[in-house]
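What follows is the residue order along each chain.
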Amino acid sequence: MEDKVELTSMVHVLARLRKEGYTEDFRVTEDGKLCTLDGKQEFVPDQVQIVNFYRFEGESYPGDMAILYVLETASGAKGTLSDAYGTYGDEIVENYMRQVKDLGKNLDKHK
């Protein structure tokens, strides 16, 4: 349970991930491709894998739920993608992420 207390906000999680090399900020385009914010790289779902994800809930308003995906791409780009979670989620992002290979949070990395 490393850094359990420290990783309570998205800001803390993002800071830790940046230190680990996940420096790209991704977005999903209207035509269903993941791209870097500068638009210089685009990825279809089979070029991306989810290596981890974090869910955040607003303390005062349930609509403040968010999910942060930690992604690696076939080109070696590593970064994050955030979206609202639940009823406020972006349908385009949700559809894209359903197609991406999920390595799962329960991987036993010690074996």
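Just so you know, these numbers come straight off a predicted model, no measurement behind them.

Can you help me understand the nonpolar core in this one?
Nonpolar side chains tend toward joint burial in soluble globular proteins. In this structure, L34, Y69, L71, L81, Y96 and M97 are the most contacted members of the largest nonpolar core, which totals 16 residues. Every element with two or more residues in this core is listed here: β1 (24-28), β4 (48-56), β5 (66-73) and α2 (91-98). What L34 contacts, discounting residues up to four positions off in sequence, is F26, R27, V28, Q41, E42, F43, V48, L71, L81 and Y96. Formed by eight residues, the second largest nonpolar core is a distinct cluster that contains L17, V51, Y54 and L68.

Would you mind going over the side chain of T36 with me for this structure?
Relative to the elements of secondary structure, T36 occurs in strand β2 (residues 34-36). Assessed through its relative accessible area of 1%, T36 is described here as buried. Polar contacts involving the side chain of T36 include one to the side chain of D38, which spans 2.5 Å. Within the structure, T36 has its side chain in polar contact with the backbone nitrogen of K40 (distance 3.4 Å). Among residues more than four places away in sequence, those in contact with T36 are E24, D25, F26, R27 and Q41.

Even after reading the chapter, I still don't get the pattern of salt bridges, so can you show me in this structure?
Pairs can form between side chains of opposite charge once their charged atoms are near each other. Applying the stated criterion to the full structure yields four salt bridges. Of the charged contacts in the structure, one is a salt bridge between K33 and E42, with a shortest N-O distance of 3.7 Å. In this structure K33 comes out as partly exposed when scored by relative accessible area, which is 29%.

Could you clarify how one ought to interpret α2 in this entry?
Within an α-helix, residues lying three or four positions from one another point in the same direction, as the helix has 3.6 residues per turn. All of the buried residues along α2 are V93, Y96 and M97. Projected down its long axis, α2 carries its buried residues within an arc of 95 degrees, all on one side. For α2, exposure combined with an orientation more than 90 degrees from the buried face picks out E91 and R98. In the core, the buried residues of α2 are packed alongside β1, β2, β3 (42-43), β4, β5 and β6 (78-84). Of the residues flanking the start of α2, the one acting as N-cap is D90, its side-chain oxygen 2.8 Å from the backbone nitrogen of I92.

What counts and how
- Residues numbered from 1 in each chain as written.
- Predicted model: local features only at pLDDT ≥ 70, side-chain atom pairs only at ≥ 80, totals over all residues.
- Heavy atoms only, no water.
- Core = buried A, V, L, I, M, F, W, Y, C linked by side-chain atoms within 4.5 Å.
- Buried < 20%, exposed > 50% of the residue type's maximum accessible area, 1.4 Å probe, protein only.
- Helix = DSSP H or I, 4+ residues; strand = E, 2+ residues; numbered from the N terminus.
- Contact = heavy atoms within 4.5 Å.
- Polar contact = N/O pair within 3.5 Å; in protein donor to acceptor, adjacent residues only side chain to side chain.
- Salt bridge = Lys/Arg side-chain N within 4 Å of Asp/Glu carboxyl O.
- Arc of directions from axis to C-beta.

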